[in-house]
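Structural characterization, general
What follows is each chain in one-letter form.
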Amino acid sequence: NININNRGNDGGNVHQTVNIDNHDQVANINQYNGWRSWHSIWDYGNGFFAARLMSTRACVVSRMNRNAVPSLEELRKSTQEAPKANAPPPRTLTYTVTQTRVKNVKQFGSHIESLCKGVPTFYAQETQGAGLFVNMEGCTDLGILRFLGISLCGKIGC
């Protein structure tokens, strides 16, 4: 269990927790930031991640890009390091959220099913060259600690 306190883009405090279960190959990352809070499951065993967004009362599920997402070991190590003053900006992945609801959340494994149970769940697909192809309006940004930014774009929960 790791607790991270940092400042959000608006200068307010953001609190994140990271729980790593090496046995199940799962990381839970939660951000507590009022209405912009979110909870996520990174299921390395099944190769999917999901985020439950409090502001839209919806879940988004996608495949993990294993070339861009840190391993569980890298995640653990990065949570124990102090932020570097001259660190490069974090890598950002952009996903387009489909308007088609997932009918069977069980297909993504029990951890994601537990996270998304009872709320509309949508599938998202990683967008390459996001600035060229995606209308960036309607994006929800998830900053995973200090090393990965995720943008979920589309009308989530509508």
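Residues numbered from 1 in each chain as written. Predicted model: local features only at pLDDT ≥ 70, side-chain atom pairs only at ≥ 80, totals over all residues. Heavy atoms only, no water.

This brings us to the overall build of the chain. Scanning the chain for helices and strands turns up 3 helices and 10 strands. Mapped in sequence order, the helices and strands of the chain form the string β-β-β-β-β-β-α-β-α-β-α-β-β. Classification of the 158 residues of the chain by burial places 43% in the buried group. Across the chain, the fraction of contacts at a sequence separation of at least 24, relative to all contacts at a separation of at least 6, is 52%. Accessible surface for the chain amounts to roughly 9100 Å². Of this, 47% is attributable to carbon and sulfur atoms. (Helix = DSSP H or I, 4+ residues; strand = E, 2+ residues; numbered from the N terminus. Buried < 20%, exposed > 50% of the residue type's maximum accessible area, 1.4 Å probe, protein only. Contact = heavy atoms within 4.5 Å. Areas by Shrake-Rupley, 256 points an atom, 1.4 Å probe, with all protein chains shown as cover.)

Turning next to the nonpolar core. Core analysis: the biggest nonpolar cluster contains 26 residues, and W42, L53, I150 and L152 have the highest contact counts within it. Of all the secondary structure elements, the ones that give two or more residues to this core are β3 (26-32), β4 (38-43), β5 (48-53), β6 (58-63), α1 (72-80), β7 (91-101), β8 (121-126) and β10 (148-153). Once residues within four sequence positions are removed from consideration, L53 is found in contact with S37, W38, A58, V60, T140, L142, L152 and I156. Counting 13 residues, the second-largest nonpolar core is a separate cluster that includes I41, A50, C59 and V61. (Core = buried A, V, L, I, M, F, W, Y, C linked by side-chain atoms within 4.5 Å.)

We note that Q25 has phi near 55°; this positive angle belongs to a residue other than glycine. Turning to its location among the elements, Q25 is positioned in the loop between β2 (13-21) and β3.

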